[in-house]
Amino acid sequence: MIVNSLELMNFRNYEREVFVFDPETNVLFGDNAQGKTNVLEGIYLCSTTRSHKGSKDREMIRLGCGESHLRMIVEKDGIHHKIDVHLKKSKTKGIAVDGVPVKKSGELLGVSSIVFFSPEDLAIIQNGPEARRRFIDMELCQLDKMYLFHLTKYKSVLKQRNELLKQISINSDLLDTLDIWNSKLVEYGTYVIQARKEFVEKLNCYIKEIHHRLTGGKENIELIYEPNVVSEEFSQKLILSEQKDIFKKTTHAGPHRDDLSFVSEEKDLRKFGSRGQQRTGALSLKLTEIQIVEEKTGDKPILLLDDVLSELDRKRQNYLLEHIKGIQTIITCTGLEEFIKNGINIQKTFEIEEGRRKNGESGKD
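The structure contained in this document is the topic of the report that follows.

### As for the overall build of the chain
When its secondary structure is counted, the chain shows twelve helices and 15 strands. Its C-alpha atoms give the chain a radius of gyration of 22 Å, within 12% of the compact-globule value 21 Å for 365 residues. Going through the 365 residues of the chain one by one, you find that 52% of them count as buried. Expressed as a percentage of contacts within the chain between residues at least 6 apart in sequence, the contacts between residues at least 24 apart total 70%.

Right under this line is the structure:
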């Protein structure tokens, strides 16, 4: 699976630009804040219907414009597919695959698979639980249509329940309606909890060997899913926390409060791991993600590396680059010096300045 080309129109700081990518290693380079990451965001958006940053549609439209259009051509098994995404400030985005409108984001699953790796991912272990939940959700939403459906429904019900809790504090007669939302929250949340549990189990099948090799056989690692509540007790826990929920005007029980721990040599890396150990654990996690996508889809994913190499030492750089051979990779960085010095093979480069390619006509070197 590869991205052949990406066209951006009024997207972020791009007025209009076309990128034609090589099937192997592509590098976008230039000073900071010039628009390199925006290209990766465009690819991710066309693949998943959402921004990897969690940005709203209107935030991605070029300043002063009312709408934005992206077109990505992907190739899978020798067949080309055209993905169009139309962003509008005051309306829901429009999506089409091969000219056929897509009504639900789940219908886009399987057209292209992305693994996104940024400096923030290197801090996933030391950051708060939200970052680790987001990693799980981003991956599962790409791989499992039913997970995407249940997670979307769960978040909607959670929002409505929290609104009801605020109203109950003003009008206690609304208390009787809480049971309806509890039932829906359990219905959708149970699927989320079980899917996350199985996903972490699958991660463990790969990450132990990858981490063992990455540390030269010196360290082992295990991921432990920490659900806020187990499925069988979800309904009861909602009832037990009802008064607390009403007082605090928010829901305390549910998978929106889950976490994931990284244990190495019986040590919780979140609390006791060095910065180097935490980064190695995060790198192992992302390499494991590649393996799982390949197993699930039967094809290699498209790898997006957003200024990650500068955050890794030489050993980890080499391991990462060796591990991703044969995968189309699009990398952002400030300069090419590290690639030249380390003899890293690059098939195509794009120099970016103020939302434009400096080195020639759009889509050409």
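Moving on from the model shown.
### Some points on the layout of surface pockets
Here the largest pocket defines a volume of roughly 630 Å³. Within the residue set of the lining of the largest pocket, elements represented by two or more residues are helix 1 (36-48), helix 2 (57-60), helix 4 (129-143), helix 5 (145-168) and helix 6 (178-214). The element that contributes the greatest number of residues to the lining of the largest pocket is helix 4, accounting for seven residues. Of the residues assigned to the lining of the largest pocket, the class counts are twelve nonpolar, ten polar and ten charged. Within this model, the second largest pocket holds a volume of roughly 480 Å³. Lining of the second largest pocket is provided by 13 residues; of these, Thr 49, Arg 50, Lys 93, Ser 105 and Thr 152 occupy positions nearest its centre. Secondary-structure elements contributing two or more residues to the lining of the second largest pocket are strand 6 (94-97) and helix 5. Of all the elements, helix 5 adds the most residues to the lining of the second largest pocket, at three residues. Counted by class, the lining of the second largest pocket contains three nonpolar, five polar and five charged residues.

### Let's talk about the packing of aromatic side chains
The full count for this structure, using the stated rule, is seven aromatic pairs. Between the aromatic rings of Phe 19 and Phe 21, the centroid separation amounts to 6.2 Å while the plane-to-plane angle is 10 degrees, which identifies the pairing as stacked. Here Phe 19 falls in the buried class, since its relative accessible area comes to 0%. Aromatic pair Tyr 44 and Phe 116: ring centres 5.9 Å apart, planes at 90 degrees, arrangement edge-to-face. With a gap of 72 residues between them, Tyr 44 in helix 1 and Phe 116 in strand 8 (residues 114-117) connect regions that are remote in the sequence. Across this residue pair, the class does not change: Tyr 44 and Phe 116 are buried.

### Topic: the sheet that holds strand 14 (residues 348-353)
Judged by pairing direction, the sheet is mixed, and its six strands sit side by side in the order 8-12-13-3-14-15 without closing on themselves. The outermost strands of the open sheet, each flanked by one partner alone, are strand 8 and strand 15 (356-357). When strand 12 (residues 302-306) meets strand 13 (residues 329-333), the two strands line up parallel, connected through four bridges. Its bridge partner lying in strand 13, Asp 306 is registered against Thr 332.

### Notes on the environment of Asp 245
You can see Asp 245 is positioned in helix 8 (residues 242-248). For Asp 245, a relative accessible area of 0% puts it in the buried group. Spatially, the C-alpha atoms of Asp 245 and Arg 161 are 9.9 Å apart, while their sequence positions differ by 84 residues. Discounting chain neighbours no more than four positions away, the residues touching Asp 245 are Arg 161, Leu 165, Thr 250, Thr 251 and His 252.

### Section: the side chain of Glu 289
Relative to the helices and strands, Glu 289 resides in helix 10 (residues 275-297). When residues no more than four places from it in sequence are discounted, the contact partners of Glu 289 are Ile 114, Val 115, Phe 135 and Glu 139.

### Observations regarding the sheet that holds strand 1 (residues 2-11)
An order of 2-1-4-5-6-7 is seen for the six strands of this open sheet, with the pairing classed as antiparallel. Only two strands of the sheet have a single neighbouring strand rather than two, namely strand 2 (14-20) and strand 7 (100-102). For this sheet the average axis-to-axis angle between neighbouring strands, irrespective of direction, equals 15 degrees. As paired elements, strand 4 (residues 67-76) and strand 5 (residues 79-88) share ten bridges and run antiparallel to each other. Paired with Leu 70 across the strands is Val 85, a residue of strand 5. Helix-sheet contacts for helix 1 involve strand 1, strand 2, strand 4 and strand 5, and the interaxial angle to strand 1 is about 110 degrees.

Criteria and cut-off values
- Residues numbered from 1 in each chain as written.
- Predicted model: local features only at pLDDT ≥ 70, side-chain atom pairs only at ≥ 80, totals over all residues.
- Heavy atoms only, no water.
- Helix = DSSP H or I, 4+ residues; strand = E, 2+ residues; numbered from the N terminus.
- Rg over C-alpha atoms; globule rule 2.2 N^0.38 Å.
- Buried < 20%, exposed > 50% of the residue type's maximum accessible area, 1.4 Å probe, protein only.
- Contact = heavy atoms within 4.5 Å.
- 1 Å grid on protein atoms, 1.4 Å probe; cavity = no way out; pocket = protein on both sides within 12 Å on 5 of 7 lines; lining within 4 Å.
- Points joined across faces, edges and corners; volume = space filled by probe spheres on them.
- Nonpolar A, V, L, I, M, F, W, Y, C, P; charged D, E, K, R; others polar.
- Phe/Tyr/Trp six-rings, centres within 6.5 Å; stacked < 30°, edge-to-face > 60°.
- Pairing = 2+ DSSP bridges.
- Axes fitted to C-alpha atoms, helices over the stretch in contact; angles between N-to-C directions.

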